[in-house]
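# Tertiary structure, described
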Amino acid sequence: MDTEKRIAELSERLGYIRDIFGSRENANITLLTSKLHEFGEREPLASPQEAARLVQQLEDLFVFLEKKLDAELSAMDVVRIVRHPHRVSLKDILENVYDNYTEIGGQDEYSIDPGMLIARAYITRRRGDKVHHQPVMVIGQEKGHGQEFRNGGSVKPWGNAKALQYMKVAETEKIPIHTFVSTPGAFPVEDYPGAAQQIARNLYEMAGLKVPVVSVISEGGSGGAEAIGLSDARLMFSHGYYSVISPEGAAAIEAGTRQGQRVPPELITACAERLKMTARDNLSMGYVDRIIQEPHLGARPYHYDFFKTLRQEIIRATDQVFLSIAGMKFFRAMALGRHKDVSPADAENMYVRWTVDEAAAERLLWRRYRKYRCMAENAFVDSRSPTKRLYANVQGVVWSGYSFLRYDFLGKQEKRLSKALGEVEGELRVVVDKMSGSLRKMTRRSGPAVCDAEKSRMLTELSQPELGACLEDWGWSYISPRAREDRAVTCPNMKQSGCPDLWAPDLFGDFAGVCSHCGHHFPMEYQWYLHNVFDPDSLHEFNAEIEAGNPLDYPGFVDKLEEAKKKTGRKSSCLTYESRIDGKKIVVAVLIAPFRGGTVGAAEGEKFIRALARARKRHYPFLAYVHGTAGIRIQESLNGLIQMPRVTMAVRRYIEAGGLYLVLYDTNSYAGPVASFLGCSPYQFAIRSSNIGFAGPGVIKETTGIDIPPNYHNAYQALTRGHVQGIWDRREVRKNLKNALLTIGGRNLYYR
Amino acid sequence: MIDVKSVLEEIKAAPYEEIEIKAPHTGVVTFEVKETGVRAVAPSGAYLEKPGTLLASITRERNVKPLHAMVSGEVATIHLEHSGAFVEAGTPLLVLRHYLTKDEVVAAILRRVLHLFCAPERAKYYFIPSVDIKVKAGGCRAVTVKPGMELFIVSRMKREKPLAYDGPEGIIYAVYFQHDDNVEAGQALIGVCPENQTGLIQDVVNRVHSDWEERN
């Protein structure tokens, strides 16, 4: 009976190995198959002792060959391990790593989103004779070993909202958070709260969580992973992956296939390698702090030793975060030093109190910001000369100093003084009004008010066309080159609205690309906005030397980048300016669609952060004008993906410093940037006829099977769902921005 | 009394509808379909977002405008003499032979043999309670209508008024409106046929469903 059971287990292990290696031929797998088959033939003839000996031999062979096979794993094999239903799931971890737990807000399929699992758990530690229960909030995606209702850990927007809710609860209760990332990606639906907008909200809030967050990554699928992945300590399973896109998605983009078409498996395997998605790659790039070693060919629920290791690693990482912000930590910090090989028992036996006071929380936030700020610093090209860099650094210091003197030191005194003066003035005004009241009454009685005859005529007569009253001066400083074409253009709404054809010089010249019949906004060049929205000659570009690079040496990407640089004359898709609107100084970051679809990589993220820092130091409002963005640049993989939390943290820092962060979407804005540093703004506006969303129609159909209506991502739909706060006519952008600068946001703007 | 069988035979003799595609406006025509017999598909997708087969394009003021098939079928005629020429709006360009589907055949027969009682104005229509009970219990064919019989409640802008049936006596063979949906003025509400013809109509409809071969 025992032999049969052991053989059944070995058969299952062999099946698992076959699943992992897919259709690849491998001598070791063939050997295991033949040995198992051979045993099946010999077993009926062998005595029980002989059978037990043979099984033991077979088990040893499995262990030996599994180790050998583990060394041969390719990136795509790792992807198959992570996706396998036998892979450890969050429930296994809760059962085996924590000493006790209570699941919150869900019981199997009875949950707002069964893909997101939340639990209050505790870890028990001893200090001498005393036993301490250290509570934590555990949040993570649950794949449930293939349970269909878990949706493979692809969390819906409301699941991420639930995660955020309990992160805030943990903050209130001042307990650390452990997040377990195990998702192929977020479920791309726009229904409220919206996939992109909710991830952005999560990132923004996590950037300011005043309790330590430790994340463990098993399957880090793009935006879905970032929704709970922003943390102070980032651990990763040795057989996990963490990537901006699935290998299949990258291969489909690479091959340019359309919906429903199959991509060659070799290309998928090649893309998995190119994306540098394994734990080793991520550790070497600095996007995870430590790798948790799994058993050969990946951890499965019966690997109890692995859970022990995981427990030690999590405790150690949590301790390290707490010690890094603690007041007294010298010996314990030394003992738990990053590069020291601490035995698991030592880590668990050492006691670190998991509490955070106000001062420690401030230190924690600063460390978290610095941690992410230092990431991807070598993933772009900075072609500035050393002198220029020095000059920029000195300039930054001077601005900071001036900002402190002008707005913090003198500014506070000035505010106090003006407040006192205001009070005195108010008092005096009442007295003066009372005294002069009777005098005014007497003046009014002395005779009727006389109206200027000319003014009266101007106000009451009809306009006179001969004087030019009906000649409208469109006054555009920049005219689209398309206005030079002598041809007619058809409005896409022609069938529904009956729009007549428009003459290109009219449409792209005077009408600013707006259909005069239905108001449809044709896409315009980003230069149109730069020259027609801001004050003439007020644009001053900075950090133009920061260039998009090819940090992963993605094959063929250098040529594509060069082509984009040549075509646009720009070095990245993000342009940063200092400018003025009606005299008000403003910092502007523009994501331009012609440069690789406005995708965001390390250079773009860096420029955005530097622009935010500039606006913060100079107390200027900040406008993110998104001419168009297709998402994160997949060829940079994690170097691009990490810009989501990285830039969002910079945005939060800017907003908390009292700035005004405005986002204006134009044409098409999708994916990562919308799901992070753009979507987190409290003031997001869209140009009419623009599209805003998380994933495009093709991806939605592919991943969810849902056919979405053609206007699904339309700005008006986004407004209805509450994703944007208003829709602007292109011709009124300048007027609306002027108004916004005066009416919303920012207590620390220089002109307030 | 209309001979239902002869109507079916008539449709069978010409099981298609010929749709003439004309130039929607002036311009120079370029035919994308070069020969007759080519199959054209109608717009598809859950929201009809994928356009039908590109049949021709007309260039006006350097603006190339596509002309897609709006129904599926077979290109029966192409006026190739217009190829590359400037045409006026309304000039016939192609003829598309659309083979009738089962549902279209049934609808065509019913249109011919039933008396359609149409909505006089845009509103929501409900059967009066006594009729509604009968319809729910035994289906619409359980209801016999007579001229002048109060049959509907017309509901518009929270005001309701009765509507009497006007037409020949018979049973309600088909109901064309949905509960709680607005019905446009002129759209059919019910189709009525003489009681003795019900079996015959049903028989023909069944035959269409079982025997008709769809060619699109």
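Conventions used here
Residues numbered from 1 in each chain as written. Chains lettered and ligands numbered in written order. Predicted model: local features only at pLDDT ≥ 70, side-chain atom pairs only at ≥ 80, totals over all residues. Heavy atoms only, no water. Helix = DSSP H or I, 4+ residues; strand = E, 2+ residues; numbered from the N terminus. Rg over C-alpha atoms; globule rule 2.2 N^0.38 Å. Buried < 20%, exposed > 50% of the residue type's maximum accessible area, 1.4 Å probe, protein only. Patch = residues over 30% accessible without salt bridge, like charges linked within 9 Å, V, L, I, M, F, W, Y side chains within 5 Å. Areas by Shrake-Rupley, 256 points an atom, 1.4 Å probe, with all protein chains shown as cover. Salt bridge = Lys/Arg side-chain N within 4 Å of Asp/Glu carboxyl O. Lys, Arg positive; Asp, Glu negative; His and termini not counted. Charge placed at Lys NZ, Arg CZ, Asp CG, Glu CD. Contact = heavy atoms within 4.5 Å. Buried area = accessible area lost by both parts, 1.4 Å probe. Polar contact = N/O pair within 3.5 Å; in protein donor to acceptor, adjacent residues only side chain to side chain. Pairing = 2+ DSSP bridges. Domains from an automatic or database assignment. Nonpolar A, V, L, I, M, F, W, Y, C, P; charged D, E, K, R; others polar. Axes fitted to C-alpha atoms, helices over the stretch in contact; angles between N-to-C directions. Parallel < 35°, antiparallel > 145°, perpendicular 65-115°, else oblique. Left-handed = near helix turned anticlockwise from the far one by under 90°.

## Some details on the overall build of chain B
Within chain B, the secondary structure is distributed over 4 helices and 16 strands. For a compact globule of 216 residues, the expected C-alpha radius of gyration is about 17 Å, and chain B comes in at 22 Å, more than 25% above that figure. With the C-alpha coordinates aligned to their principal axes, the bounding extent of chain B is approximately 65 × 45 × 30 Å. Taken over 216 residues, chain B has a buried fraction of 38%.

## Notes on a negative patch on the surface
Residue and element names in this part refer to chain B. Among the surface-exposed residues, Glu-17, Asp-103, Glu-104 and Glu-214 lie close enough to one another that they form a single negatively charged patch. Within the secondary structure, Glu-17 sits in strand β1 (residues 16-22). On the basis of relative accessible area, Glu-17 is assigned to the partly exposed category, the value being 41%.

## Describing the interface of chain B and chain A
Opposite the 8 residues of chain B that make contact, chain A presents 11 residues. Across the interface of chain B and chain A, roughly 840 Å² is buried in total on both sides, 46% from carbon and sulfur atoms. The largest per-residue losses of area from chain B upon contact with chain A belong to B:Tyr47, B:Arg62 and B:Asn63, which jointly make up 53% of the total buried on that side. As a salt-bridge pair, A:Asp501 and B:Lys65 come within 2.9 Å of each other at their nearest N and O atoms. At the surface where chain B touches chain A, the tally comes to 8 residue pairs in polar contact (both at pLDDT 80 or more).

## Let's talk about the sheet that holds strand β6 (residues 73-78) of chain B
Residues and elements named next belong to chain B. Reading across the sheet, the 4 strands line up as β1-β8-β6-β3 and stay open at both edges, with antiparallel pairing between neighbours. At either margin of the open sheet sits one strand with a lone partner, and together these are β1 and β3 (39-40). Examined bridge by bridge, β3 and β6 share 2 bridges and lie antiparallel to one another. In the sheet register, Ala-40 faces β6, and the bridge partner there is Gly-73.

## Quick look at the side chain of A:Ser231
Residue and element names in this part refer to chain A. Within the secondary structure, Ser-231 is located in the loop between α8 (222-229) and β8 (233-243). Looking at Ser-231, its side chain comes within polar contact range of the side chain of Ser-215, at 2.7 Å. Sequence-distant contacts of Ser-231, defined by excluding residues within four places in its chain, comprise Val-213, Val-214, Ser-215, Arg-368, Lys-371 and Tyr-372.

## Quick notes on the domain arrangement of chain A
Residues and elements named next belong to chain A. Partitioning chain A into domains gives domain 1 (2-72), domain 2 (82-313), domain 3 (481-517) and domain 4 (526-743). Put simply, the middle of domain 1 and the middle of domain 2, counted by C-alpha atoms, are 32 Å apart. Buried surface at the junction of domain 1 and domain 2, summed over both partners, amounts to about 900 Å²; 63% is from carbon and sulfur atoms. Here domain 1 and domain 2 share 0 salt bridges between them. Here domain 1 is connected to domain 2 by 4 residue pairs in polar contact (both at pLDDT 80 or more). Elements supplying a minimum of two residues to the side of domain 1 that touches domain 2: α1 (2-21) and α3 (48-71). Among the elements that make up the side of domain 1 that touches domain 2, the one with the highest residue count is α1 (7 residues). Taken together, the residues that form the side of domain 1 that touches domain 2 break down as 5 nonpolar, no polar and 6 charged.

## Notes on the sheet that holds strand β5 (residues 130-141) of chain A
Residue and element names in this part refer to chain A. On the basis of which strands lie adjacent, the open sheet formed by 7 strands has the order β1-β4-β5-β6-β7-β8-β9 and mixed pairing. Both outer strands of the open sheet, β1 (100-104) and β9 (290-292), are each paired with one neighbouring strand and no more. Averaged over all pairs of adjacent strands, the angle between strand axes in this sheet comes to 25°, irrespective of strand direction.

## Thoughts on the packing of helix α15 (residues 358-373) of chain A against helix α24 (residues 643-656) of chain A
Residues and elements named next belong to chain A. Here α15 crosses α24 at 135°, and the two axes come no closer than 9 Å. Between α15 and α24, the angle falls in the class oblique. Of the two elements, α15 crosses α24, and the hand of that crossing is left-handed. When α15 is examined against α24, the residues Trp-366, Arg-368, Tyr-369, Tyr-372 and Arg-373 are found in contact with a partner set consisting of Pro-645, Arg-646, Met-649, Ala-650 and Arg-653. The residue makeup of the contact of α15 with α24, split by class, is 6 nonpolar, no polar and 4 charged.

## Here's the deal with the pairing of strand β5 (residues 63-68) of chain B
Residues and elements named next belong to chain B. In β5, alternate side chains face the same way, and those of Asn-63, Lys-65 and Leu-67 are buried while those of Val-64, Pro-66 and His-68 on the opposite face are not. Bridging between strand β4 (residues 54-60) and β5 involves 6 bridges; their strand directions are antiparallel. Residue pairing across strands places Ala-56 opposite Leu-67, the latter belonging to β5. Connecting the antiparallel pair β4 and β5 is a turn made up of 2 residues, with Glu-61 showing a positive phi of about 50°.

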